[in-house]
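Examination of the molecular architecture
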Amino acid sequence: MHMRGLLTTAVVLGGMSAAAMTPRAARSVDRRQVVGAPADTFPTFDRVLLLEPTSETSANVSIGDINADGRLDIVLAKGRHWPLVDRVLPGDGAGHFAAGYDLGKASDRSYSGRLVDMDRDGDLDVVVSNDAPDPKLVYLNDGKGHLTAGFQIADRTKVPYAIASGDLNNDGNPDIVLGYTSGPHTVFFNDGSGRQFTQVTFGDPAGSAYGFALGDINGDKFADIALARSDAPNVLYLSGK
């Protein structure tokens, strides 16, 4: 595997003064009062569809065509700190959903479920990050929306708040980045099967990772990782050998 995507350099983000970062007072703007904007320019969001009959602890929602019928479906990552089963809600393309089904068999404490074609077979798989002590999983799709647990990230002691996916070593395969409540964090380089990954750590222990953004910041044709942290400065990790 080409390992050019290892992350070796960190750049601290943010140098503004506290006064410069203070947000302006919030203003409530009625869309019909915007000068020069016709009343029908902007959509409203006043129609509500309940996705479930009762409230449960859900932490993340994703939209994508899971069952390859050309219609968008919804995946609910559930649990957070309490074990629940993640759910798939098949859409009919007209804003309605059939009876949902379980993403997997296990009840776990999920923070997020990212939709990405991990095995490059043309359908969306699901990467689930779970609180300790549950395993972090890659669910592989059979192309019809039936998902089975494949790769399991072995370390169950860490708690991943942040997750991202992208090709970090330019081999054409989507990789996984997990950020934890304390570093170092982890890149899982995918061999293209969605079942075998090479694990590489990066970063320092400071602060909890709350969000990643991937992009080639310095123009070297390899993705870099921007990390938003709590209790520590935000950083940019530049890729290197």
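For the structure itself, consult the block above.
Residues numbered from 1 in each chain as written. Predicted model: local features only at pLDDT ≥ 70, side-chain atom pairs only at ≥ 80, totals over all residues. Heavy atoms only, no water.

**Structural notes on the side chain of N130**
- The residue N130 is located in strand β7 (residues 125–130) in this model.
- Residue classification places N130 among the buried residues on the basis of a relative accessible area of 0%.
- In terms of polar contacts, N130 uses its side chain to reach the backbone carbonyl oxygen of P135, at 2.6 Å.
- If we ignore the near neighbours within four places in the chain, the residues touching N130 are D108, R109, S110, Y111, P135, K136, K158 and P160. (Helix = DSSP H or I, 4+ residues; strand = E, 2+ residues; numbered from the N terminus. Buried < 20%, exposed > 50% of the residue type's maximum accessible area, 1.4 Å probe, protein only. Polar contact = N/O pair within 3.5 Å; in protein donor to acceptor, adjacent residues only side chain to side chain. Contact = heavy atoms within 4.5 Å.)

**Some remarks on the sheet that holds strand β13 (residues 197–202)**
- As summarised here, the arrangement of the four strands in space is β10-β11-β12-β13, forming an open sheet in which the pairing is antiparallel. Looking at the sheet topology across the chains shown, the edges are occupied by β10 (160–166) and β13. Adjacent strand axes in the sheet meet at a mean angle of 20°, parallel and antiparallel pairs treated alike.
- Strand direction decides the pairing type here: β10 and strand β11 (residues 175–180), joined by six bridges, are antiparallel. (Pairing = 2+ DSSP bridges. Axes fitted to C-alpha atoms, helices over the stretch in contact; angles between N-to-C directions.)

**Section: the layout of surface pockets**
- Approximately 230 Å³ is the volume attributed to the largest pocket.
- Considered class by class, the residues forming the lining of the largest pocket number ten nonpolar, three polar and five charged.
- For the second largest pocket, the calculated volume is near 150 Å³.
- I63, L72, D73, I74, G91, G93, A94, G95, H96 and F97 together form the lining of the second largest pocket.
- Each residue belonging to the lining of the second largest pocket can be placed in one class, and the counts come to five nonpolar, four polar and one charged. (1 Å grid on protein atoms, 1.4 Å probe; cavity = no way out; pocket = protein on both sides within 12 Å on 5 of 7 lines; lining within 4 Å. Points joined across faces, edges and corners; volume = space filled by probe spheres on them. Nonpolar A, V, L, I, M, F, W, Y, C, P; charged D, E, K, R; others polar.)

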